Amino acid sequence: MFLAAALSLTLLQSASDPALLAEVKAADAALFETFFERCDPARLASQVTPDFEMYHDKDGVVATSGDAFVALYAKGCEAKKAPDAWRSRRALLPETLRVDPVPGYGAIEEGDHVFYERQGDGPEKLVGKAHFVQLWKKGPDGWRVARILSYAHQAVR
């Protein structure tokens, strides 16, 4: 079983060069750290393209511009300031990660992630799992996410 998982990890991640994989993983980690663990709309705005789009199998069309996405995030930040507010965290499942280059543009990232929730300072609980595909654009100012497809959400108990 361990060998199969190790081979799977090698096959998935070797689809791209190690430098590209490391860059996209770092951009992914920064994006989700900003989104779930901070309240910094200016930082999030620097991590998405102006024409950003996000589609979600439970929430529908989440945003069709970077400005709309950042505005939605900013509104959520305000709600998280309450001491008993629900807070979420996302964790990438690294063994599922695949990154492929898009010549002249950036990269496509695909994988699975899990989500944790806690109320206020209460205990954290694993609550869900989903699949994602993200289109990243590399520009002079670094990596920005342009498209997110988040689907196959399922509860975890």
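Heads up: the structure comes first, above all this text.
Please read all numbers here as calculations on a predicted model, not as lab measurements.

Draft legend 1. Examining the packing of helix α2 (residues 18–37) against helix α4 (residues 66–80) more closely. Viewed as axis vectors pointing N to C, α2 and α4 meet at an angle of 45°, and their least axial separation amounts to 9 Å. Classed by the angle they form, the pair α2 and α4 counts as oblique. Along the contact surface, α2 presents T34, F35 and F36, while α4 presents F69, Y73 and K80. Tallied by class, the residues present in the contact of α2 with α4 amount to four nonpolar, one polar and one charged.

Draft legend 2. Examining the packing of aromatic side chains more closely. Evaluation of the coordinates by the stated rule reveals six aromatic pairs. Aromatic side chains F36 and F115 sit 6.1 Å apart centroid to centroid with 55° between the ring planes, which places their arrangement in the tilted category. Here F115 lies in strand β5 (residues 106–119) and F36 lies in helix α2, a separation of 79 residues in the sequence. Its relative accessible area of 15% is what places F115 among the buried residues.

So, how was this worked out
Residues numbered from 1 in each chain as written. Predicted model: local features only at pLDDT ≥ 70, side-chain atom pairs only at ≥ 80, totals over all residues. Heavy atoms only, no water. Axes fitted to C-alpha atoms, helices over the stretch in contact; angles between N-to-C directions. Helix = DSSP H or I, 4+ residues; strand = E, 2+ residues; numbered from the N terminus. Parallel < 35°, antiparallel > 145°, perpendicular 65-115°, else oblique. Contact = heavy atoms within 4.5 Å. Nonpolar A, V, L, I, M, F, W, Y, C, P; charged D, E, K, R; others polar. Phe/Tyr/Trp six-rings, centres within 6.5 Å; stacked < 30°, edge-to-face > 60°. Buried < 20%, exposed > 50% of the residue type's maximum accessible area, 1.4 Å probe, protein only.

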